[in-house]
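Observations on the three-dimensional arrangement
What follows is each chain in one-letter form.
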Amino acid sequence: MPATILVIDDNEANRALARDTLETEGYRVVVATGGAEGLAAFEREKPDCVLLDVRMPELDGFAVCQRIRALPGGGDTPVLFLTALRDVDTFDRALVAGGDDFLTKPVRPTELVVRVLAALKLRRVSTELRDQYDVLKKQRDELLRVQLQKERLTAFVVHDLKNPVHAMDLHAQILLRDASLSASARDAATHIRAEGRQLARMIQNLLDISKADEGKLEPKAHDLDLAPLVASVLDELGVTARAYEVTLRSDVSTPRVRADEPLLRRALANLVENAVRHAPSGTEVRVSASATGDAVEIRVRDAGHGVPEGLRQQIFDPFVQLAADPARSHGGRGLGLTFCRVAIEAHGGRVWVEDGAPGAVFCVRLPDAR
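These notes cover the structure that comes with them. This one's a predicted model, so the numbers in the text were calculated from it and none came from an experiment.

Conventions adopted
- Residues numbered from 1 in each chain as written.
- Predicted model: local features only at pLDDT ≥ 70, side-chain atom pairs only at ≥ 80, totals over all residues.
- Heavy atoms only, no water.
- Helix = DSSP H or I, 4+ residues; strand = E, 2+ residues; numbered from the N terminus.
- Buried < 20%, exposed > 50% of the residue type's maximum accessible area, 1.4 Å probe, protein only.
- Areas by Shrake-Rupley, 256 points an atom, 1.4 Å probe, with all protein chains shown as cover.
- Salt bridge = Lys/Arg side-chain N within 4 Å of Asp/Glu carboxyl O.
- Core = buried A, V, L, I, M, F, W, Y, C linked by side-chain atoms within 4.5 Å.
- Contact = heavy atoms within 4.5 Å.
- Patch = residues over 30% accessible without salt bridge, like charges linked within 9 Å, V, L, I, M, F, W, Y side chains within 5 Å.
- Expected span 1.5 Å × (residues − 1).
- Arc of directions from axis to C-beta.

**Some details on the overall build of the protein chain**
A count of helical and extended segments in the protein chain gives eleven helices and twelve strands. Taking the principal axes of the C-alpha coordinates as reference, the protein chain spans close to 80 × 45 × 40 Å. The proportion of buried residues among the 370 residues of the protein chain is 42%. Summing over all exposed atoms, the protein chain offers an accessible surface of approximately 19200 Å²; the carbon and sulfur share of this is 53%.

**Some points on the pattern of salt bridges**
Scanning the model with the defined rule gives 21 salt bridges in all. Between Arg-265 and Glu-261 there is a salt bridge, with its nearest N and O atoms 2.8 Å apart. Of the two residues, Arg-265 and Glu-261 are both situated in helix H10 (residues 261–278); the distance of four residues between them amounts to about one turn of the helix. The partly exposed category is assigned to Arg-265, whose relative accessible area is 23%. On the accessibility criterion, Glu-261 (25% relative accessible area) is partly exposed. Among the charged side chains, a salt-bridge network with shared partners connects Asp-101, Glu-111, Arg-115, Arg-140 and Asp-141.

**Some thoughts on the nonpolar core**
Judged by nonpolar contacts, the single largest core of 48 residues is most densely connected at Leu-226, Leu-248, Leu-264, Val-272, Val-285, Ile-298 and Phe-362. Excluding residues within four positions of it along the chain, Leu-226 makes contact with Val-252, Thr-254, Pro-255, Arg-256, Val-257, Leu-264, Ala-289, Val-296 and Ile-298. The next biggest cluster of nonpolar side chains, apart from the first, holds 26 residues, and it includes Ala-32, Val-79, Val-88 and Phe-91.

**Concerning a nonpolar patch on the surface**
Taken together, the side chains of Met-168, Ile-192 and Leu-199 present a nonpolar region at the surface, about 220 Å² in accessible area. With respect to the helices, strands and loops of the structure, Leu-199 is situated in helix H7 (residues 183–213).

**As for helix H5 (residues 109–123)**
Every α-helix winds through 3.6 residues per turn, so residues three or four apart in the chain are directed the same way. Between its terminal C-alpha atoms H5 stretches 21 Å, which fits the 21 Å expected from 15 residues at 1.5 Å a residue. Those residues of H5 that sit buried are Leu-112, Val-113, Val-116, Ala-119 and Leu-120. All buried residues of H5 project into a common sector of 130° when viewed along the axis, lining one side. Of the surrounding elements, those touching the buried residues of H5 are strand S1 (4–8), helix H1 (12–24), strand S3 (49–53), strand S4 (79–83) and strand S5 (101–104).

**Overview of unusual backbone geometry**
Keep in mind that most residues, glycine aside, have a negative phi and that most peptide bonds are trans. Cis geometry is found at the peptide bond from Lys-105 to Pro-106, where omega equals -5°. Relative to the assigned elements, Pro-106 resides in the loop between S5 and H5. The linkage connecting Ala-357 with the following residue, Pro-358, adopts the cis geometry, with an omega of 5°. One non-glycine residue, Glu-58, lies in the positive phi region at around 70°.

Dropping the structure here:
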């Protein structure tokens, strides 16, 4: 007899995703479009597990969960909250209402199946094991709450950093407009502006990675003239390249691409900066682009040590670093390439790395949606 899963959600797409995912795994799925309908279905169907949306009209998920707990059989039925609100207040309210687990939307099908399976297994454990589980669950909940608080603090810090960084760049520009500025002071102001731009990119990368994790990174694509965009990126990184004694080259043979200009600009800047940090002195970093069937491919090539084959997938994960030459610089922060991945995938494209023999070639493929 397959387990019965009750899905209570006012969003048709969410209900369809949950139903298709769980029925594929052999579960019997019952759906309800709101709180009152869900409570009636719970009394009628006696489900083995409940997936419960938080934000619903008339009766929200917290109230529904509290009422389920008061119904016969509702005390030990696992209730998994589904919500797009990833914050400490929502998490705390879910615990107080009696929720057993907390999943943030958009929910990945694989994660949904695993969490439902875990909830059903835990329902069957003995009382002794249940007591041990309660201890572990409390520890897990405390860790998740700390994680959510850390994410909130990070968001506050990142937002607060934007204004002073922009002010730093503005003052550097004011200095550079002063015709009486000495050559050494002008050089210092130029470097301040270059480092300020790099810091601004890092801040925006963090914000966009967080948006992507929440499913909120939505590119606003337009037709772009690719050659001047690449030239602008190389000009912006000219100071950094000269410091590393690396030459920047552009070889763009396709005139246009459809993309979100700020996102693509920062993705290219991250790829070029990464290439510069790993390119030996006296070599060049080359950016090329060409049309290939129904897509546009952009390639950033350096002549460094390359990326080992075993790291070519992981290099785009957060905080994975490939050390640059220690005699020349420190390595990366481990987020620039992660941003490139989420930004390009948000466009429906993909990014990967190939062996440049020598060096590495970072490849971006964007669908030509024109």
